[in-house]
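Structural description and commentary
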Protein chains: 2
Amino acid sequence: MQRTLDIGLNDLKEQLITMAGYLELAVVYCTQAWKNQDASIASSVYQIEDKVNRAHLEVDATCLKLLATQQPLAFDLRFILSVIKTNTDIERMVDQTVNITRNSEYYLKHPPFFDTSDLSLMSDHVRQMVKNAIDAFVKSDVNLARGVLEADDKVDRLKDKVFKDALAWMKGHSEDIEQGLNVILIARNLERIGDHSTNIAEDVIFSISGKDIRHKSLGQRFQENKK
Amino acid sequence: MQRTLDIGLNDLKEQLITMAGYLELAVVYCTQAWKNQDASIASSVYQIEDKVNRAHLEVDATCLKLLATQQPLAFDLRFILSVIKTNTDIERMVDQTVNITRNSEYYLKHPPFFDTSDLSLMSDHVRQMVKNAIDAFVKSDVNLARGVLEADDKVDRLKDKVFKDALAWMKGHSEDIEQGLNVILIARNLERIGDHSTNIAEDVIFSISGKDIRHKSLGQRFQENKK
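Reading the values: the criteria
- Starting from 1, residues in each chain are numbered consecutively following that chain's sequence as written.
- To read the labels, note that chains go from A and ligands from 1, taken in the order they are written.
- Given that the model is predicted, a residue must reach a pLDDT of at least 70 before its local features are reported, and side-chain atom pairs must reach 80 or more before they are shown or counted; all residues, however, enter totals for whole chains, interfaces and linings.
- Side-chain metrics rest on all non-hydrogen atoms present in the structure, leaving aside hydrogens and water.
- Numbered from the N terminus, helices here are DSSP runs of H or I no shorter than four residues, and strands are runs of E no shorter than two.
- Taken over C-alpha atoms, the radius of gyration is set against a globule rule of 2.2 Å times the number of residues to the power 0.38.
- Only protein chains enter the calculation, and the probe is 1.4 Å; a residue is then buried if its accessible area is under 20% of its type maximum, exposed if over 50%, and partly exposed in between.
- Multiplying one less than the number of residues by 1.5 Å gives the expected span of a helix.
- The rule for a salt bridge is simple: a side-chain nitrogen of Lys or Arg has to be within 4 Å of a carboxyl oxygen of Asp or Glu.
- Residues reaching a pLDDT of at least 70 in both copies supply the C-alpha atoms on which the copies are superposed by least squares.
- We call two residues in contact when some of their heavy atoms are within 4.5 Å.
- Summed over both partners, the accessible area (1.4 Å probe) lost when two parts come together is defined as the buried area.
- Polar contact is the term for a pair of N or O atoms within 3.5 Å; when the atoms are in protein, one must be able to donate a hydrogen and the other to accept it, and sequence-neighboring residues count only if both atoms are side-chain atoms.
- For Phe, Tyr and Trp, rings pair up if their centres lie within 6.5 Å, where Trp contributes its six-membered ring, and each pair is then called stacked (planes under 30 degrees apart), edge-to-face (over 60) or tilted (otherwise).
- Counting as a charge over the ring demands two things of the Lys NZ or Arg CZ atom: a distance within 6 Å of the ring centre and an angle within 35 degrees of the ring normal.
- Throughout, nonpolar core names a set of buried Ala, Val, Leu, Ile, Met, Phe, Trp, Tyr and Cys residues whose side chains join them through atoms within 4.5 Å.
- Criterion for a disulfide: a pair of cysteine sulfur atoms within 2.5 Å.
- Each residue carries a pLDDT score, the predictor's own confidence in it, on a scale running from 0 to 100.

A separate point is the overall build of chain A. Looking only at helices and strands, chain A features seven helices and zero strands. Element order for chain A, N to C, with α for helix and β for strand: α-α-α-α-α-α-α. A compact globule built from 227 residues should have a C-alpha radius of gyration of about 17 Å, and chain A, at 19 Å, falls within 12% of that. Its C-alpha atoms put chain A at 65 × 40 × 20 Å along the principal axes. Counting all 227 residues of chain A, 53% fall into the buried class.

This is the structure:
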């Protein structure tokens, strides 16, 4: 017979997978809006935000109930704490997709007249980070989680490049200043989605291995891995 | 005789109060850097970041230990969950003060030639929000926490004004574009510190009353208060 705790933990995992599915869609949609010049897609992001906000409260309530009634220990306890944090990260990521959607609405009305292929590349990388972080959680895959941490450096470098190029353009084209700022703000929001993906990856590693690798450099993390 | 759980909860509160003290200092320092043209203050913010990062891990470890060994219920359990979230918020707020410090270093080398009194006012309001959110936590004061939620609207309006004014200046003074962007990014970081203060305030209200008021409008929150 399955333990009540196991049933509760499975329900929790299902709830989080549903939220993560919405998040992945929101990341795709908010990017499509400006990439494909499709303004109609914005309302889908706002609908997702509503659903994720409701799920955010439900997941926290389930965690509280499980902690109060089941007194989980060791792996199960770490898993619930990771869910509490991942839940917050997913909700904040969806907030960022809403910000990007708002910026995209401006972008569509006033498209920038400079090359935004790096922004597009950045959004592809971030989308992959989100997918891998969620997959790492679902499959309890530490290696996939470590890959997310490494990918973050690439996203940060791309963000720096988008900032630098947009700024250079703005200096020479004062009529394009708002468009440039808008691209910079989209890049900033994408960077933050990447940061939240690394938080989830760190929580996955903690949940599975019990090792807290936050606030450590990549070098220190690999050292620990070899031990 | 005091319960082991009570001793643990008191220790946890003390740990968080120490972190909060560092955070308040970091908010003051990162603002002083650009307000008082004092570059020497940056290193103090970086030192605080190190201390808060260490404390961040310790607080989470203490929470895990208390949950595993003491099986807290009702108020005590909600308090620990609020601490886990507040701990994350404090760490992220300190990250934002580090961002502001980096922007301030640029600001000091290239001061903007437009009026930044609204940015200054915004930073005063955010500092007060941080202080009140922490005081609400320490004193378990729901009314103080509600005041933090109301203050966030004022900060958001000020941010919009800073954005608008900086943008208008940038359009007319292409030599000042980087300075303008820098001011916009400082305002954005301050806004996020304000957002984290409201997260803490919401957690304080949940911890004390058991009411989860997240994702509700101010109107709905006051309706609930009257019930």
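What follows is about helix 4 (residues 117–139) of chain A. Helix length check: helix 4 of chain A, at 23 residues, gives a terminal C-alpha distance of 33 Å against a target of 33 Å (1.5 Å per residue), a fit within 8%. Where helix 4 of chain A ends, the next residue or the one after it, A:Ser140, has phi of about 50°, a positive value.

With that settled, consider the pattern of salt bridges. Per the stated rule, a full pass over the model turns up 26 salt bridges over all chains. Among the ionic pairs, A:Asp124 bridges to A:Lys35, the shortest N-O distance being 2.9 Å. Here A:Lys35 lies in helix 1 (residues 4–35) and A:Asp124 lies in helix 4, a separation of 89 residues in the sequence. Residue classification places A:Asp124 among the partly exposed residues on the basis of a relative accessible area of 36%. On the accessibility criterion, A:Lys35 (30% relative accessible area) is partly exposed. With a shortest N-O distance of 2.5 Å, B:Glu178 and A:Lys171 are connected by a salt bridge. In this pair, B:Glu178 is assigned in helix 6 (residues 177–209) and A:Lys171 in helix 5 (residues 142–172), connecting two distinct chains. The network of salt bridges with common partners includes A:Asp60, B:Lys85, B:Asp212 and B:Arg214.

Both copies of the chain are related by one operation, a rotation about an axis with a shift along it. Each copy superposes on the other: chain A lies on chain B with an RMSD of 0.0 Å after a rotation of 180° and an axial shift of 0.0 Å. The transformation relating the two chain copies, once decomposed into turn and shift, fits a two-fold axis. Interface residue correspondence from chain A to chain B reaches 100%, placing this contact among same-surface, isologous pairings.

Another point: the interface of chain A and chain B. Each side of the interface is counted separately: chain A has 38 residues, and chain B has 38 residues. In total, about 3,500 Å² of surface goes out of reach between chain A and chain B, with carbon and sulfur atoms giving 66% of it. When the buried area of chain A at its contact with chain B is split by residue, A:Leu64, A:Arg188 and A:His215 rank highest and sum to 16% of it. Taken together, the links from chain A to chain B amount to six salt bridges. Put simply, chain A and chain B have twelve residue pairs in polar contact (both at pLDDT 80 or more) between them.

Looking now at the packing of aromatic side chains. Tallied over the full model, the rule gives six aromatic pairs over all chains. Ring geometry for B:Trp34 and B:Tyr107: centres 5.4 Å apart, planes at 50°, overall tilted. On the criterion of sequence distance, the pair formed by B:Trp34 in helix 1 (residues 4–35) and B:Tyr107 in helix 3 (residues 74–109) is long-range, its members being 73 residues apart. Ring geometry for B:Phe79 versus B:Phe137: centroids 5.8 Å apart, planes at 20°, classification stacked. Placement of B:Phe79 in helix 3 and of B:Phe137 in helix 4 (residues 117–139) is noted, with a sequence separation of 58 residues between them. According to the relative accessible area criterion, B:Phe137 is buried, its value standing at 9%. Over the aromatic face of A:Phe163 sits the side chain of A:Lys159, whose NZ or CZ is 5.1 Å from the ring centroid.

With that settled, consider helix 2 (residues 42–70) of chain A. Compared with an ideal rise of 1.5 Å per residue, which puts 29 residues at 42 Å, helix 2 of chain A spans 41 Å between its outermost C-alpha atoms and is within 8% of the ideal. Buried residues in helix 2 of chain A make contact with helix 1 and helix 3 (74–109) of chain A together with helix 3 of chain B. Following helix 2 of chain A by one or two positions, A:Gln71 has its phi on the positive side, about 40°.

Residue and element names in this part refer to chain A. Considering the arrangement of structural elements, one finds Val 183 in helix 6 (residues 177–209). Val 183 gets classed as buried once you look at its relative accessible area, which sits at 1%. Taking the C-alpha atoms as reference points, Val 183 and Ser 104, 79 residues apart in sequence, are found 8.9 Å from one another. Not counting chain neighbours up to four residues away, the residues in contact with Val 183 comprise Tyr 107, Pro 112, Phe 114, Thr 116, Leu 119 and Val 162.

On to the nonpolar core. If you look at the biggest cluster of nonpolar residues, it comprises 130 residues, and the most contacted ones within it are A:Ile90 and B:Ile90. Dropping the residues within four chain positions of it, B:Ile90 is found in contact with B:Leu16, B:Met19, B:Ala20, B:Leu23, B:Val52, B:Ile134 and B:Ile200.

This paragraph deals with the state of the cysteines. For the structure shown, the criterion picks out zero disulfides over all chains. Unpaired in this structure, A:Cys63 has its nearest cysteine sulfur neighbour in B:Cys63, at a distance of 14 Å. Look at A:Cys63 and you get buried, because its relative accessible area is 0%.

A separate point is the side chain of B:His56. With respect to the helices, strands and loops of the structure, B:His56 is situated in helix 2 (residues 42–70). Once residues within four sequence positions are removed from consideration, B:His56 is found in contact with A:Arg214, A:His215, B:Met19, B:Asn87, B:Thr88 and B:Glu91.

Glycine aside, residues mostly have negative phi, and peptide bonds are mostly found in the trans state. Positioned with a positive phi, A:His215 is a non-glycine residue whose angle comes to about 60°. Judged by its relative accessible area of 32%, A:His215 falls in the partly exposed class. The phi dihedral of B:Ser140 is positive, around 50°, even though this residue is not glycine. Counting through the fold element by element, B:Ser140 comes out in the loop between helix 4 and helix 5 (142–172). A relative accessible area of 37% places B:Ser140 in the partly exposed class.

On average, residues of chain A score 92 in pLDDT, and 95% of them are at 70 or above. Model confidence for the complex is summarised by a pTM of 0.94, with the ipTM given as 0.92.

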